[in-house]
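Structural overview
In case you want the letters, here they are:
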Amino acid sequence: MTEPSRSSSYLEDEDVRGMRLALCEAAQAAMRGEVPVGAVMIREGLVIGAAGNAREGLGDPTAHAVLLAIRRAAAGQRGWRLLDTTIYVTQEPCIMCAGALVNARVSRLVYGCDNPKAGAVRTLYQVVEDPRLNHRIVVRPGVLAQECGALLTLFFENLRSRQRRAKFSGEMAELVDCA
């Protein structure tokens with residue numbers, strides 16, 4: 001699908017701002033021991049839902065950042081239809097999350113890095129743009145992809161080497177500026 005009719009520089013600036021917020025959610029998730037994926041839902045320039053992965057902390061296999069952000073946005077809007085919203089996600093959503101985005105009627109999806117093992121937007125499947133579904137989402141991949149991918153790489157390298165959390169937190173703070 002094509003982008004909405006706003007100037008491309010405006011969308012690029014807003015998309016970078018939204019992705020930086022999602023990166024902060026991802027960094028916070030990593031510091032809690034969660035896989036560092038963050039999601040931020042925005043409508044008319046305002047954050048209406050944000051989350052990082054919380055599967056470990058909640059003991060819930062569905063506690064992906066995207067689903068938690070959708071739930072928070074819907075609760076705040078008092079309705080499940082999230083029309084005229086953009087969601088920023090640090091990694092390409094999986095099948096479960098892509099399906100939830102379609103069902104929530106999200107308008108735009110902006111994501112950082114590809115998900116070669118489970119990506120359901122462009123990499124393995126194209127759920128959100130499937131013409132057989134009753135809703136399709138405008139997609140912009142690759143926004144701050146290097147930063148998003150670096151966060152995941154650092155997390156998994158740290159997990160494999162079992163370095164101290166303090167060192168990891170220091171590197172995380174240097175990588176993502178959440179000020």
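Here, every reference points to the structure presented above.
Right, let's walk through the structure included here. (Residues numbered from 1 in each chain as written. Predicted model: local features only at pLDDT ≥ 70, side-chain atom pairs only at ≥ 80, totals over all residues. Heavy atoms only, no water.)

**Side note on the packing of aromatic side chains**
By the definition in use, this model includes one aromatic pair. Relative to Phe156, the ring of Phe155 lies with its centre 5.1 Å away and its plane at 85°, an arrangement referred to as edge-to-face. Using a relative accessible area of 6% as the deciding quantity, one classes Phe155 as buried. Overall, the relative accessible area of 30% leaves Phe156 in the partly exposed class. (Phe/Tyr/Trp six-rings, centres within 6.5 Å; stacked < 30°, edge-to-face > 60°. Buried < 20%, exposed > 50% of the residue type's maximum accessible area, 1.4 Å probe, protein only.)

**Notes on unusual backbone geometry**
The phi angle at Arg78 is positive, at roughly 55°, despite the residue not being glycine. Relative to the elements of secondary structure, Arg78 occurs in the loop between α3 (65–77) and β3 (86–91). The backbone phi angle of Arg105 is positive, close to 65°, even though this residue is not glycine. Note that Arg105 resides in the loop between α4 (95–103) and β4 (108–113). Take Arg105: its relative accessible area is 18%, and that puts it in the buried class. (Helix = DSSP H or I, 4+ residues; strand = E, 2+ residues; numbered from the N terminus.)

**Section: α3**
Look at α3: 18 Å from first C-alpha to last across 13 residues, which is about the 18 Å you get at 1.5 Å a residue. As for α3, its buried residues are in contact with β1 (38–43), β2 (46–52), β3 and α4. One or two positions beyond α3, positive phi appears at Arg78, with a value near 55°. (Expected span 1.5 Å × (residues − 1). Contact = heavy atoms within 4.5 Å.)

**Quick look at the sheet that holds strand β5 (residues 138–140)**
A sheet is described by the order of its strands in space; here five strands give the open sequence β2-β1-β3-β4-β5, paired in mixed fashion. Edge positions in the sheet fall to β2 and β5, since each of these pairs with one other strand and no more. Each adjacent strand pair in this sheet contributes to an overall mean axis angle of 15°, direction not counted. Relative to β5, β4 runs parallel, the two being bridged by three bridges. (Pairing = 2+ DSSP bridges. Axes fitted to C-alpha atoms, helices over the stretch in contact; angles between N-to-C directions.)

**A closer look at the layout of surface pockets**
A volume near 520 Å³ is recorded for the largest pocket. Along the walls of the largest pocket sit 22 residues, with Val35, Val37, Gln91, Asn115 and Leu152 positioned nearest its centre. Where the lining of the largest pocket is concerned, the elements lending two or more residues are α3, β3 and α5 (145–161). No other element matches α5, which puts four residues into the lining of the largest pocket. For the lining of the largest pocket, a count of residues per class yields 12 nonpolar, six polar and four charged. (1 Å grid on protein atoms, 1.4 Å probe; cavity = no way out; pocket = protein on both sides within 12 Å on 5 of 7 lines; lining within 4 Å. Points joined across faces, edges and corners; volume = space filled by probe spheres on them. Nonpolar A, V, L, I, M, F, W, Y, C, P; charged D, E, K, R; others polar.)

**Here we look at the pattern of salt bridges**
For the coordinates displayed, the defined rule picks out five salt bridges. Two residues, Arg17 and Glu14, come together in a salt bridge whose shortest N-O distance is 3.5 Å. Of this pair, Arg17 and Glu14 both sit in helix α1 (residues 8–31), separated by three residues, roughly a single helical turn. Looking at Arg17, the relative accessible area reads 33%, which means it is partly exposed. Take Glu14: its relative accessible area is 22%, and that puts it in the partly exposed class. Arg132 is the salt-bridge partner of Asp130, the closest N and O atoms lying 2.5 Å from each other. Look at Arg132 and you get exposed, because its relative accessible area is 72%. Residues joined by salt bridges that share partners form a network here, namely Asp15, Arg108 and Arg140. (Salt bridge = Lys/Arg side-chain N within 4 Å of Asp/Glu carboxyl O.)

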